[in-house]
Amino acid sequence: MSNTKQDRARVAGGQDHEVRYEAEKEGVSKAAVKDTVKEVGNSRKKVEAELDRKG
């Protein structure tokens, strides 16, 4: 199955590989990514913006 643009626009907080990728990309812990997904939802833009704001 190929990734679609819509798939890449979301962070699947329950999938370790996605959480790990986002954590490494943003320079934060996996726990920080999971907490942020719980706070703002799974929109990658919102998650990244919140992590940047906190950072």
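Quick notes on the rules
Residues numbered from 1 in each chain as written. Predicted model: local features only at pLDDT ≥ 70, side-chain atom pairs only at ≥ 80, totals over all residues. Heavy atoms only, no water. Helix = DSSP H or I, 4+ residues; strand = E, 2+ residues; numbered from the N terminus. Buried < 20%, exposed > 50% of the residue type's maximum accessible area, 1.4 Å probe, protein only. Contact = heavy atoms within 4.5 Å. Areas by Shrake-Rupley, 256 points an atom, 1.4 Å probe, with all protein chains shown as cover. Axes fitted to C-alpha atoms, helices over the stretch in contact; angles between N-to-C directions. Parallel < 35°, antiparallel > 145°, perpendicular 65-115°, else oblique. Nonpolar A, V, L, I, M, F, W, Y, C, P; charged D, E, K, R; others polar. Arc of directions from axis to C-beta. Salt bridge = Lys/Arg side-chain N within 4 Å of Asp/Glu carboxyl O.

## Details of the overall build of the protein chain
Turning to step 1, where the next piece is worked out: Scanning the protein chain from terminus to terminus reveals 4 helices and 0 strands.
Turning to step 2, where the next piece is worked out: Classification of the 55 residues of the protein chain by burial places 25% in the buried group.
Turning to step 3, where the next piece is worked out: Of the contacts made within the protein chain by residues no fewer than 6 positions apart, 33% connect residues no fewer than 24 positions apart.
Turning to step 4, where the next piece is worked out: Only carbon and sulfur atoms are counted for the fraction: they give 48% of the accessible area of the protein chain, which is about 4000 Å².

## Observations concerning the packing of helix α2 (residues 16-26) against helix α3 (residues 30-40)
Turning to step 1, where the next piece is worked out: One way to put it is that α2 packs onto α3 with a least axis distance of 8 Å and a crossing angle of 105°. As far as their axial angle goes, α3 and α2 are roughly perpendicular. Between α2 and α3, the residues in contact are Asp16, Val19, Arg20, Glu22 and Ala23 and Lys30, Val33 and Lys34, respectively.
Turning to step 2, where the next piece is worked out: Each residue belonging to the contact of α2 with α3 can be placed in one class, and the counts come to 3 nonpolar, no polar and 5 charged.

## A word on α2
Turning to step 1, where the next piece is worked out: Taken residue by residue, α2 has Glu18, Val19, Glu22 and Ala23 as its buried positions. Along the axis of α2, the buried residues cluster in a sector spanning 130°; they form a single face.

## Notes on the pattern of salt bridges
Pairing between side chains of opposite charge can happen when the charged atoms of each approach one another.
Turning to step 1, where the next piece is worked out: One pass over the full model with this rule turns up 7 salt bridges.
Turning to step 2, where the next piece is worked out: Between Arg53 and Glu50 there is a salt bridge whose closest N-O contact spans 2.7 Å. Taken together, the residues Arg53 and Glu50, both in helix α4 (residues 44-54) and 3 residues apart, mark about one turn of the helix.
Turning to step 3, where the next piece is worked out: One continuous salt-bridge network, built from bridges that share partners, spans Asp16, Arg20 and Lys30.

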